[in-house]
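Report on the structure
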Amino acid sequence: MRKIFFVSLLACAYSLTSCHNRAHDHEGAEHNHEMHDDHDEDHHDEEEEDEHDHMGHHHDDDDHDHAKKGNHPDGEIAFTCEQAKEAGLKTETVTMGQFAQVIKASGKIISASGDEVTLVAPVSGVVSFSDGSLAEGKSIANGQTIAYVSSQNMAEGDVSARLKAELSAATAEYERLKPLVEDKIVTQKEFEEARLRYEQAKNGYNAVAQKSTGRGIAITSSMKGYLKNLLVGAGEYVEVGRPIAVISKNQKMQLRVDVSERYFRELGSVRSANFKLTYDERLYKVAEMGGRLVSVGKSSMENSGSVPVTFEFNNVGNIVSGAFAEVFLLLNPNDKVISIPVSALAESQGIFFVYVQHESECFVRREVKLGQNNGERVEILSGLSEGDRVVTDGSTQVRLASNSTAIPAHNHNH
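Reference entry: report on the structure contained in this document. (Residues numbered from 1 in each chain as written. Predicted model: local features only at pLDDT ≥ 70, side-chain atom pairs only at ≥ 80, totals over all residues. Heavy atoms only, no water.)

Concerning the pattern of salt bridges
For clarity, the threshold we go by: The term salt bridge refers to a pairing of a side-chain nitrogen on Lys or Arg with a carboxyl oxygen on Asp or Glu at a separation within 4 Å. Three labels apply to residues, based on accessible area from a 1.4 Å probe with only protein chains included: buried if under 20% of the type maximum, exposed if over 50%, partly exposed otherwise in between.
Evaluated as defined, the whole model comprises 14 salt bridges. Between K138 and D131 there is a salt bridge, and its shortest N-O distance comes to 2.7 Å. Assessed through its relative accessible area of 29%, K138 is described here as partly exposed. Overall, the relative accessible area of 30% leaves D131 in the partly exposed class. Here E236 makes a salt bridge to R242, at a shortest N to O gap of 3.0 Å. Judged by its relative accessible area of 28%, E236 is partly exposed. Three or more residues joined by partner-sharing salt bridges are found here, namely K285, E288 and E376.

Some points on the sheet that holds strand β10 (residues 216–220)
Rules: Following DSSP output, two strands are said to pair if at least two bridges run between them. Secondary structure counts use DSSP, requiring at least four H or I residues in a row for a helix and at least two E residues in a row for a strand, with both numbered from the N terminus.
Read from one edge of the open sheet, 5 strands run β9-β10-β8-β6-β12, paired in antiparallel fashion. With one partner strand each, in any of the chains shown, β9 (212–213) and β12 (237–238) form the two edges of the open sheet. Sheet topology places β9 next to β10; 2 bridges connect them, and they run antiparallel. Looking at the pairing, S212 lines up with I217 of β10.

This is a description of form; function is not addressed.
Okay, structure coming up:
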C-alpha cells in the first residue's frame with residue numbers, strides 16, 4: 001500500500017531542475033528586444049535605456065526575493081544528491097489507506113499466569129543464601145538451591161530433629177492403638193485421631209528430611225528461569241510460609257493497560273496494541289509478538305477511574321516485568337486515511353510540519369495538522385495530498401540545510 005522511494009543518486013548526473021534553475025525561466029523572453037535592426041537603434045535608444053533600467057530593477061528584486069526564500073521556513077530548500085546520500089535520505093509517496101482508531105493509555109508489564117513461582121520458607125528460622133553473588137536477574141536452573149533456613153540455634157531447637165521426634169512418638173501411639181481398636185478396647189474415634197497425628201508427622205518430617213543439610217533446610221527452585229525478586233536479606237529471621245524469592249520463566253508476559261473509563265463504550269472494538277517502554281525507544285507490536293487480547297474489564301477499578309485491558313505476548317528477550325509503558329490501543333480501522341511515519345514529523349513551537357520533495361534537489365516545508373497516532377504512523381488531517389513525496393528519514397538534515405543554504409542570486413549584464 002505504501003511505497004518508499006529513495007532519493008536517486010543518478011539524478012545528480014543530469015543536474016535536473018534544481019530550485020535555483022526555476023527562478024530564471026523568464027530570461028529568454030525578456031531579451032528578445034536585442035534582435036532589432038541597426039537602423040532602428042538610434043530611434044529606440046531612449047526606449048531601450050528605459051527598458052534596460054526597468055529590467056535591471058526587475059532582476060534586482062527577483063534576486064532579493066530568491067535570497068529571502070532560501071532562508072524562509074516555508075521556502076524552497078536546495079538539498080543536493082551528495083547531501084542526500086550522506087544523510088541517508090528516504091522518502092515515501094503519500095497514499096490513502098486504512099488506519100486504526102487509537103486510544104492512548106498507560107500500562108504495566110507483568111508476568112503471565114503460570115510463568116513464575118514464589119519460593120517460601122518451609123520452616124521458621126534464619127535465612128542464608130547458597131551463593132554470595134546471588135542477585136536479581138541471575139539465571140536459575142531447575143532444582144537449584146537458592147537459600148537455606150536454619151533453626152539450629154533457635155529456642156525451639158532444630159526443626160528436623162524435632163519433627164523426627166514427633167514422628168517417632170506419633171508412630172508408637174498409632175501402632176499401640178491399632179490392635180486395641182480391633183478388640184474394641186479403644187474407640188474408633190481415638191484410633192482415627194492417632195492415625196491422623198501419625199500421617200501429619202510423617203508428611204512433615206519427610207518434607208524437611210529430604211531437604212535437610214548441615215546449613216539448614218534447603219529452598220530449591222521448581223523450574224528453570226531467572227531470579228526476578230529476592231524478598232528477604234541474608235541473616236533475616238522468617239516464619240514458615242514467608243516468601244523468599246520469585247523465579248520467572250520470562251517467556252510469556254502480559255501488558256495490563258489502565259484505560260480511562262470515558263472510553264468504556266469503545267473497548268469492545270479493541271483489536272491489538274502497540275507500546276513503548278520507559279527505558280526503550282523501540283515500538284513493540286503485540287500482533288508481531290505472538291500476542292493476543294486476554295480480557296477487557298467490565299467495570300471500573302476501585303478508586304482509579306480506569307478499566308483494565310490485558311494482552312499476553314511472547315517475551316522478545318529484553319522486556320522486564322514491572323516496567324511501565326506508553327500504550328496505543330488499536331481499534332477498528334478507518335478507510336481512505338492519509339498517514340505518514342512518525343519519523344517524518346518535525347516540530348517547532350508546537351507547530352508540526354514535514355518536508356516535501358518538489359524535484360530531485362528541491363524541497364519545501366509543509367505545515368500539517370495531525371490526527372491520531374499509533375506510535376508508528378500518524379494520521380494527517382490536512383497539509384498533504386495523495387502523490388506528495390515526503391521525507392521520512394533525514395528530515396533533520398534537510399531542516400539544517402534550510403537554515404544554512406540560500407538560493408544563490410545571479411547578476412545580469414546588459
